[in-house]
There are 2 protein chains.
Amino acid sequence: MKENTQGRPVVPAAPSRGRLRPLGLDEVRITGGFWARRRHVNTTATLDHCHQWMERVGWIGNFRAAVEGRIQQDHRGREFADSDVYKLMEAMAWDGSPALDALSATIAPAQEPDGYLNTAYGRPGQQPRYSDLAWGHELYCYGHLIQAGVAQLRTRGGGELAEIARRAADHVCATFKPGGIEGVCGHPVIETALVELARATGEQRYLDQAALFVDRRGQGTLEDGEFGRVYYQDDVPVREATVLRGHAVRALYLAAGAVDVAMETDDDPLLAAVVRQWETAVARRTYLTGGMGSHHRDESFGDDFVLPPDRAYSETCAGVASVLLSWRLLLATGEPRFADLAERTLYNVVATSPAEDGRSFFYANTLHRRRRGTVPAPDVQIPRAESSLRAPWFAVSCCPTNVARTLAQLPAHLATKDDHGIQLHQYADALITTGGVALRVRTDYPSDGRVTVRIDRSPEHPWTLSLRVPAWTEGAPAWLVDPDGERCAVAPGTAQLTRAFRPGDEIHLDLPLAPRWTRPDPRIDAVRGTVAVERGPLVYCAESVDLPGGRDVDAVRVDPGAEPEDGPDGTVVVPGALTAVEQETGWPYGAARQLGAEPRDIALVPYRTWANRGPSTMRVWIPTTE
Amino acid sequence: MKENTQGRPVVPAAPSRGRLRPLGLDEVRITGGFWARRRHVNTTATLDHCHQWMERVGWIGNFRAAVEGRIQQDHRGREFADSDVYKLMEAMAWDGSPALDALSATIAPAQEPDGYLNTAYGRPGQQPRYSDLAWGHELYCYGHLIQAGVAQLRTRGGGELAEIARRAADHVCATFKPGGIEGVCGHPVIETALVELARATGEQRYLDQAALFVDRRGQGTLEDGEFGRVYYQDDVPVREATVLRGHAVRALYLAAGAVDVAMETDDDPLLAAVVRQWETAVARRTYLTGGMGSHHRDESFGDDFVLPPDRAYSETCAGVASVLLSWRLLLATGEPRFADLAERTLYNVVATSPAEDGRSFFYANTLHRRRRGTVPAPDVQIPRAESSLRAPWFAVSCCPTNVARTLAQLPAHLATKDDHGIQLHQYADALITTGGVALRVRTDYPSDGRVTVRIDRSPEHPWTLSLRVPAWTEGAPAWLVDPDGERCAVAPGTAQLTRAFRPGDEIHLDLPLAPRWTRPDPRIDAVRGTVAVERGPLVYCAESVDLPGGRDVDAVRVDPGAEPEDGPDGTVVVPGALTAVEQETGWPYGAARQLGAEPRDIALVPYRTWANRGPSTMRVWIPTTE
């Protein structure tokens, strides 16, 4: 550790070095627009929804049962159920929820004198502690506990939760130190949590333990199970790997932890290894939505260019993990490509999962749904990830609390600073106050392309305001308008304005929001012969509720020779056709067949709104009439 | 039961009614050619291979451990490990293997006095009997035990194995009768086994119990687990279902059992329901190879037209189950479409699984492999189904023994009889002797298209010889040459010749074996813009070992505007191109991109031979140069 970082701003990640420095929740406030609405729902509905459900299904009760000596018979949920309580607590901490203290008081007495805390292991009649590192998730649960504790440290300077987390972290260091259990957890997340705790407390030993966990992985220390060691990234050491692989959430959390370790230990080769893995995963293993992980079976990345839209797993948690990784890489490098991916993933994965009311969720985020689903009962825990509509809760319910903690910390992802000035990465109505600068951002983005930054306070010396120009503006210029009204075209990347700003100065960024056709790389076999439509950062889709006479989206064809146009209410209209209703054929292979089709305009809606109008079929990639 | 069928020929399925009557292993002998070679390897290598492996991994030892009172600590393998011992025993019975009796003697003492027999349940320290019908596989294990017992009854008239099976069946009837446990097993197969036992013994109660199991399913009696009730076909009653769905092997075994029940109970609506399910599954949910089941995650059928080649599960056991179902439907209806699918599946799934030496196997049969795999160690049990090359054994090793029992009974699938004569369904060098007729079939099929049937013995009155004309001859005529040398074109379906044959008469069927392009239904999204090549019943594929300079098959493009031609050594050569080696792009979506390509002839090999030459990449559906 270079410095004791206690007293840093209220940030979800606080690297002690890097190209950019984060701004805290006390420095950035989202004041209106899309994300303000989503965050309002998160605060007023989702936190309570998750809390109630975890009481109902007994995951919070597990802590009481442990204290009362009846956990052997009364344990509920999977072996990692504790982690969802902790993720909710992290969300509550960032959100300033008054319910946090009562939850802390519930879990505190379940912690054993040596710091061990897990309701699924170690008590009479349970499996012994650390008897199944590959699948037991004990260190994974600590990871989320510690992240929640760090959130309390950063938002309130400390408290019972932070103390529980420190005791747990001390226990982890004592148990997994060199000469102790020299293993790793099947599910990473402890790595980034320990680094954050080191940053928040200045304690070197947490960082050392995190670095150990990163270095130990990839040595084949975990069992070669049904999904192979690649499943938990134990196939290749982190610094040797060339691409993200295996279980997507695990891969992304591990990569984030490796970035954290690399930043604190000046380990540039380790950082470069993660950047390389990110690059390849983004170029070859990422859905148009930013979603990652194409396999349902093992929730893992597919091989290069294996991106089937109809079996897209694209787990919500992988979207969250990808945003957290990209955020760390953005801070480390300052490169806008990381904010580009975060934007795409936030709008099309993270924002797709929760319903408008914040009380039901997608776990998987398919890009093509072929059958209309059934409406999940409001009071039933869905036993599987593949709900046909957003569901209130799942037997494995990692996603709702993960969305909650992401939305709760979202303002910190909007902007950063460095020695030269302020950088805006994501656009929303916001107030930004840091050092001697106060900015007011006004925009209806992503509905509208104009972003206005008004200077409310500024030092008298010149400084640089940087604005990300999204990569998706390639092909249609964006414009920057300076306080004097001078207008200049800006290329994808970063637009900068350096001057002695004065209060009242306004800068405009005009982003071209006309809908556009997007074609897939010809190597993605699963979407050959199809196109998609995007508008700004939003991916669009066809949905059966917009088709006549009960037709399903598989009848839709579109004509990319014509231009897509804005339709009413945020829709996009494209020229296309509906294929004729098909007669059954006995065998679907043989001589060439054409489907008859009738020309028709097709209305598309933002992907994140799909299934808002009840059961439907849906597709993002649409066959062409070509 | 209409009649006591004891004393029927040595057949794997003996319905008491139906359009066609099976011929037994004592009536049909395969004397040469492709299947004779495969059966020779099965007899001389695979049976022993499976036997040795099951000793080595302890699945046979489980029976000894049960007898010796140490099964609680010594049980090996999964909860259904017993079933693989039984499938091997069934194969041994059909094959006439002398090793059968010793195995029977090993399992016999493990049977409890009331007929219960399962090494994974019911003893001290184990889960109680029938405590987990959904996942426990106890009735599934009985199903394979009983099928093995029936094989011994039919081949030898009885024996210890047959007695064990009868005691187990009596126990099942006593336990699962009305008023007993009114449930079903999560994995069907007991249904068809009990009907076969009823046929072989004339005991009505076995049939009644099978009919009960068929009727009980689809009432939601099993738990709604991770994969939903559709996984084990407990979502919809068999007679109401319109398509095969859920876990493919389960769906196909259940359908076969329902056909068996329907035939013995004159339940034509039930038969019609299964025919309808088969039709829809074949038209919408079947791979070009005949493979069924496109999901890895739950080994299940996908939705209609969800047939991704690169994530094709197409489990070998589903191929076996499909052949057994089609065989029953062929006997019931006489329609050649069932033999068409069986032929396709036998050559492209069942024959693809085992290596040439019969000592390693594919579990899943993908139609597209993107990465060269590693060679599995010869002495290691592969923990998962997705071996990159054929593997000697798996942690779940259902496929090797299933292939073994299928090859062992294969001669019975070649021909049938009815009141009018003999029907040939599959073509191989064979001697067929039944009633007053003796036929000698000579052919190099599927390498060569000429099938010659020589009459060795015939009654003096006229009778009808029927020959299946495969559906794949559509578009290129087949020819029938009668004993007088008269040649006439025959359409796909059945060619018939009715006359008073004389010994020495020869009939020729000439099937057009030129390689042909095959295009997919435009509704199969995953293979849009690609074509495949077939030759006779064989599906072909491109394999990287035939490409220059370490290129992978994803670089291959073919030109379906030109004709495919026969190449050397059973290959097919098609005009095409190899795309240029691609530079990495940062993001694989955006404006249209063309891959550069260099014209080149592409050699294709029969799909079933893929990976015979070491690790390779492979694809069946190839993008066009169009």
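Residues numbered from 1 in each chain as written. Chains lettered and ligands numbered in written order. Predicted model: local features only at pLDDT ≥ 70, side-chain atom pairs only at ≥ 80, totals over all residues. Heavy atoms only, no water.

## Details of the overall build of chain A
Across its full length, chain A carries 14 helices and 25 strands. With respect to the three principal axes, the spread of C-alpha positions in chain A is 75 × 70 × 45 Å. The 626 residues of chain A split such that 66% are buried. Long-range pairs, those at least 24 residues apart, make up 68% of the contacts in chain A between residues at least 6 apart in sequence. In chain A, 68 side chains carry a positive charge and 82 a negative one; their mean positions are 1 Å apart. (Helix = DSSP H or I, 4+ residues; strand = E, 2+ residues; numbered from the N terminus. Buried < 20%, exposed > 50% of the residue type's maximum accessible area, 1.4 Å probe, protein only. Contact = heavy atoms within 4.5 Å. Lys, Arg positive; Asp, Glu negative; His and termini not counted. Charge placed at Lys NZ, Arg CZ, Asp CG, Glu CD.)

## Thoughts on the relation of the copies chain B and chain A
Between chain B and chain A, the superposition needs a rotation of 180° and an axial shift of 0.0 Å, giving an RMSD of 0.0 Å. In short, the pair behaves as if placed about a two-fold rotation axis. By C-alpha distance to the rotation axis, the residue of chain B lying nearest is Arg297(B), at 1.9 Å. When the interface residues of chain B are mapped onto chain A, 100% of them again lie at the interface, so the same face is used by both copies. (Least-squares fit on C-alpha atoms with pLDDT ≥ 70 in both.)

## Brief notes about the pattern of salt bridges
Using the criterion set out here, one finds 110 salt bridges over all chains in the structure. We note a salt bridge from Glu534(A) to Arg516(A), for which the minimum N-O separation is 3.6 Å. With a gap of 18 residues between them, Glu534(A) in strand β17 (residues 530–535) and Arg516(A) in strand β16 (residues 516–520) connect regions that are remote in the sequence. A salt bridge links Arg528(B) to Asp525(B), with the shortest nitrogen-to-oxygen separation between them at 2.8 Å. Owing to a relative accessible area of 14%, Arg528(B) belongs among the buried residues under this scheme. What you see here is one network of salt bridges that share partners, running through Arg154(A), Glu196(A), Arg199(A), Asp260(A), Glu264(A) and Arg328(A). (Salt bridge = Lys/Arg side-chain N within 4 Å of Asp/Glu carboxyl O.)

## Some remarks on the interface of chain B and chain A
Facing the 60 residues of chain B at the interface are 60 residues of chain A. Summing the contributions of chain B and of chain A, the shared interface buries around 4,900 Å²; its carbon and sulfur component is 50%. The largest per-residue losses of area from chain B upon contact with chain A belong to Arg297(B), Trp587(B) and Tyr589(B), which jointly make up 15% of the total buried on that side. Where chain B packs against chain A, one counts eight salt bridges. Measuring nitrogen to oxygen at the nearest pair gives 2.7 Å for the salt bridge that ties Arg619(A) to Asp525(B). Scanning the region where chain B abuts chain A turns up 16 residue pairs in polar contact (both at pLDDT 80 or more). Contributing elements (two or more residues each) for the side of chain B that touches chain A: α11 (268–284), α13 (336–350), β14 (516–520) and β20 (589–590) of chain B. Residues of the side of chain B that touches chain A, tallied by class, amount to 23 nonpolar, 14 polar and 23 charged. Relative to β14(B), strand β22 (residues 589–590) of chain A runs antiparallel, the two being bridged by two bridges. In the sheet register, Gly590(A) faces β14(B), and the bridge partner there is Arg519(B). (Buried area = accessible area lost by both parts, 1.4 Å probe. Polar contact = N/O pair within 3.5 Å; in protein donor to acceptor, adjacent residues only side chain to side chain. Nonpolar A, V, L, I, M, F, W, Y, C, P; charged D, E, K, R; others polar. Pairing = 2+ DSSP bridges.)

## Describing the sheet that holds strand β6 (residues 429–434) of chain B
Residues and elements named next belong to chain B. What the seven strands build is an open sheet, ordered β2-β6-β7-β8-β13-β10-β11; its pairing is antiparallel. Bordering the open sheet on either side are β2 (28–32) and β11 (487–490), each of which pairs with just one other strand. Ignoring strand direction, the axes of neighbouring strands in this sheet form an average angle of 20°. Relative to strand β13 (residues 506–510), strand β8 (residues 450–457) is paired through five bridges, and the arrangement is antiparallel. Residue Arg 450 lies in a different strand from β13, and its bridge partner there is Asp 510. (Axes fitted to C-alpha atoms, helices over the stretch in contact; angles between N-to-C directions.)

## Section: the nonpolar core
Counting residues in hydrophobic clusters, the biggest one holds 191 residues, and the most contacted among them are Tyr142(B) and Leu424(B). For this core, the leading source of residues is helix α10 (residues 248–264) of chain B, giving 13 residues. (Core = buried A, V, L, I, M, F, W, Y, C linked by side-chain atoms within 4.5 Å.)

## Observations regarding helix α14 (residues 398–409) of chain A
Because an α-helix completes one turn every 3.6 residues, residues spaced three or four positions apart along the sequence face the same direction. Residue and element names in this part refer to chain A. The end-to-end C-alpha distance of α14 is 17 Å, a good match for the 16 Å that 12 residues give at a rise of 1.5 Å each. A large share of α14 lies buried, amounting to 12 of its 12 residues. For α14, every residue scored as buried is listed here: Cys 398, Cys 399, Pro 400, Thr 401, Asn 402, Val 403, Ala 404, Arg 405, Thr 406, Leu 407, Ala 408 and Gln 409. (Expected span 1.5 Å × (residues − 1).)

## Overview of unusual backbone geometry
The linkage connecting Tyr445(A) with the following residue, Pro446(A), adopts the cis geometry, with an omega of 5°. The phi torsion at His137(B) lies on the positive side, around 65°, for a residue other than glycine. Mapped onto the fold, His137(B) is located in the loop between α5 (100–107) and α6 (138–156). For Asp266(B), which is not glycine, the phi torsion reads 55° and is therefore positive. Within the element layout of this structure, Asp266(B) appears in the loop between α10 and α11.

## Details of the pairing of β16(A)
All names here are of chain A. The element β16 is extensively covered by neighbouring structure, given that four of its five residues are classed as buried. Two strands pair when backbone bridges link them, and β16 and β17 are joined in this way by three bridges, in the antiparallel orientation. Residue pairing in the sheet places Trp 517 in a bridge with Val 533 of β17.

## Observations concerning the side chain of Thr579(A)
Looking at the secondary structure, you find Thr579(A) in strand β21 (residues 572–579). Sequence-distant contacts of Thr579(A), defined by excluding residues within four places in its chain, comprise Arg551(A), Ala555(A), Arg557(A), Leu595(A), Gly596(A) and Ala597(A).

## A short note on the confidence of the model for chain A
Residues and elements named next belong to chain A. For chain A, mean pLDDT is 95; residues scoring 70 or higher make up 99% of the total. Note on residues 1–7: pLDDT under 50 across the span, and 19 contacts to partners over four residues away in sequence or across chains. The complex model carries a pTM of 0.93, and its ipTM stands at 0.92. (pLDDT = per-residue confidence, 0-100.)

## Brief notes about empty space enclosed by the protein
Unoccupied space between atoms shows up once a probe the size of one water molecule is rolled over them. Residues and elements named next belong to chain A. Within the structure shown, the criterion is met by 15 cavities of 30 Å³ or more. Space inside the largest cavity adds up to approximately 160 Å³. Contributing to the lining of the largest cavity are 18 residues, with Pro 12, Glu 90, Gln 147, Arg 328 and Arg 405 lying nearest its centre. Elements represented by at least two residues in the lining of the largest cavity include exactly α4 (81–95), α6 (138–156), α8 (190–201), α10 (248–264), α12 (316–333) and α14. When the residues that make up the lining of the largest cavity are grouped by side-chain class, the tally is nine nonpolar, four polar and five charged. (1 Å grid on protein atoms, 1.4 Å probe; cavity = no way out; pocket = protein on both sides within 12 Å on 5 of 7 lines; lining within 4 Å. Points joined across faces, edges and corners; volume = space filled by probe spheres on them.)

## What about the packing of aromatic side chains?
Enumeration over the complete set of coordinates arrives at 48 aromatic pairs over all chains. An angle of 50° between the planes, with centres 4.9 Å apart, marks the rings of Phe227(A) and Tyr231(A) as tilted. Taking the centre distance of 5.0 Å and the plane angle of 70° together, the rings of Trp587(A) and Tyr589(A) count as edge-to-face. Feature note: the residues Phe34(A), Trp35(A), Tyr347(A), Tyr427(A) and Tyr445(A) constitute an aromatic cluster, connected by ring pairs. Of note, Arg487(A) hangs over the ring of Trp479(A), and the distance from its end group to the ring centre comes to 4.5 Å. Above the ring of Trp53(B), the side-chain terminus of Arg56(B) is found at 4.3 Å from the ring centroid. (Phe/Tyr/Trp six-rings, centres within 6.5 Å; stacked < 30°, edge-to-face > 60°. Lys NZ or Arg CZ within 6 Å of the ring centre and 35° of its normal.)

## Points about the packing of α4(A) against α6(A)
The angle between the axes and the distance between the axes are what describe a pair of packed helices. Residue and element names in this part refer to chain A. One can describe the packing of α4 onto α6 by two numbers: an axis separation of 8 Å at closest approach and a directional angle of 15°. Here α6 runs roughly parallel to α4, going by the angle between their axes. Of the two possible hands of crossing, α4 and α6 adopt the one that is left-handed. Of α6, the residues touching α4 (which contributes Asp 82, Ser 83, Tyr 86, Lys 87, Met 89, Glu 90, Ala 93 and Trp 94) are Tyr 140, Cys 141, His 144, Leu 145, Gln 147, Ala 148, Ala 151, Gln 152, Arg 154 and Thr 155. A per-class count over the contact of α4 with α6 returns nine nonpolar, five polar and four charged. (Parallel < 35°, antiparallel > 145°, perpendicular 65-115°, else oblique. Left-handed = near helix turned anticlockwise from the far one by under 90°.)

## What about the environment of Met54(B)?
Residue and element names in this part refer to chain B. Relative to the helices and strands, Met 54 resides in helix α1 (residues 34–56). Distance from Met 54 to Leu 88, taken between C-alpha atoms, is 9.6 Å for residues 34 residues apart in sequence. Those residues within four positions of Met 54 in sequence are excluded, and the remaining contacts are Trp 59, Ile 60, Asp 84, Val 85, Leu 88, Trp 393 and Thr 401.

## A look at the sheet that holds strand β9 (residues 437–443) of chain A
All names here are of chain A. Taken in spatial order, the seven strands of this open sheet run β2-β8-β9-β10-β15-β12-β13, and their pairing is antiparallel. Both outer strands of the open sheet, β2 (28–32) and β13 (487–490), are each paired with one neighbouring strand and no more. Neighbour to neighbour, the strand axes of the sheet diverge by 20° on average, direction disregarded. In this structure, β2 lies alongside strand β8 (residues 429–434), joined through four bridges in antiparallel fashion.

## A closer look at the state of the cysteines
Summed over all chains, the structure comprises zero disulfides over all chains. Cys317(A) carries a free sulfur, and the closest cysteine sulfur to it, the one in Cys399(A), is 3.5 Å from it. (Disulfide = S-S within 2.5 Å.)

## Description of the packing of α10(A) against α12(A)
All names here are of chain A. Their axes nearest at 8 Å, the elements α10 and α12 cross at an angle of 20°. Relative to α12, α10 is oriented roughly parallel. In this structure, α10 crosses over α12, and the sense of that crossing is left-handed. Contacts between α10 and α12 involve Ala 248, Val 249, Leu 252, Tyr 253, Ala 255, Ala 256, Val 259, Asp 260 and Met 263 from the former and Cys 317, Ala 318, Ala 321, Ser 322, Leu 324, Leu 325, Arg 328, Leu 329 and Ala 332 from the latter. Partitioned by chemical class, the residues of the contact of α10 with α12 number 15 nonpolar, one polar and two charged.

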